[in-house]
Amino acid sequence: MPATTVIPDRDELSRRIAAADPDRVVPGLYPGILKMAGRTLNGSGVAVALSLAIAEHTRGPQGDHTPPRVYEALLMKLLPDFVNAIVDDEPVRTEALAKLEAAHPG
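The structure displayed is predicted, hence computed values, not measured ones.

A. Structural view of helix α4 (residues 69-86). Helix length check: α4 (18 residues) gives 26 Å between terminal C-alpha atoms against 26 Å at 1.5 Å per residue, within 8%. Its maximal kink placed at L78, α4 deviates by approximately 25 degrees, while the proline P80 follows within four residues. Listing the buried residues of α4 in full gives L75, M76, L79, F82, V83, A85 and I86. Tucked inside the fold, the buried residues of α4 contact α1 (10-20), α2 (30-34), α3 (43-59) and α5 (90-103).

In structure tokens form, the structure reads like this:
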């Protein structure tokens, strides 16, 4: 059975994601990431939840915006910073980072 961790509550998670994005480059991702608050997830779950946050952010409020692949790729490059900020459990963090890398290499 894969290792799991409980994601911090909404207030703590909010602080951590703001710390991972000190220049507030991608505040549009925050609502999607905050949906993870308090959930028990394994590394794959963390990777999927963060990827969904990007999908929601790039889709926009009307759901009809198709973002340039370059923009999506740049956002995916930021996800390891968020993983490191919000996942305290080392095995879960390692699995999440590996899943993200496998899904979006180099």
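B. A look at the environment of R16. Here R16 shows up in helix α1. The class for R16 is buried, based on a relative accessible area of 18%. As for R16 and A85, which are separated by 69 residues in sequence, their C-alpha atoms are 5.7 Å apart. Excluding its chain neighbours within four sequence positions, the residues that come into contact with R16 are P8, A85, I86 and D88.

C. Quick look at the pattern of salt bridges. In the structure shown here, the tally under the stated rule is five salt bridges. For E12, the salt bridge identified is with R16, shortest N-O distance 2.9 Å. Placement of both E12 and R16 in helix α1 is noted, with a separation of four residues, approximately one turn of the helix. You can call E12 partly exposed: its relative accessible area is 26%. The closest approach of N and O atoms between R93 and E90, which form a salt bridge, is 2.4 Å. Taken together, the positions of R93 and E90, both in helix α5 and three residues apart, correspond to about one turn of that helix. For R93, a relative accessible area of 15% puts it in the buried group. Among the ionic contacts, a cluster of salt bridges with common partners joins E12, R15, R16 and D88.

What counts and how
Residues numbered from 1 in each chain as written. Predicted model: local features only at pLDDT ≥ 70, side-chain atom pairs only at ≥ 80, totals over all residues. Heavy atoms only, no water. Helix = DSSP H or I, 4+ residues; strand = E, 2+ residues; numbered from the N terminus. Expected span 1.5 Å × (residues − 1). Bend = angle between axes of the 7 residues up to and from the residue. Buried < 20%, exposed > 50% of the residue type's maximum accessible area, 1.4 Å probe, protein only. Contact = heavy atoms within 4.5 Å. Salt bridge = Lys/Arg side-chain N within 4 Å of Asp/Glu carboxyl O.

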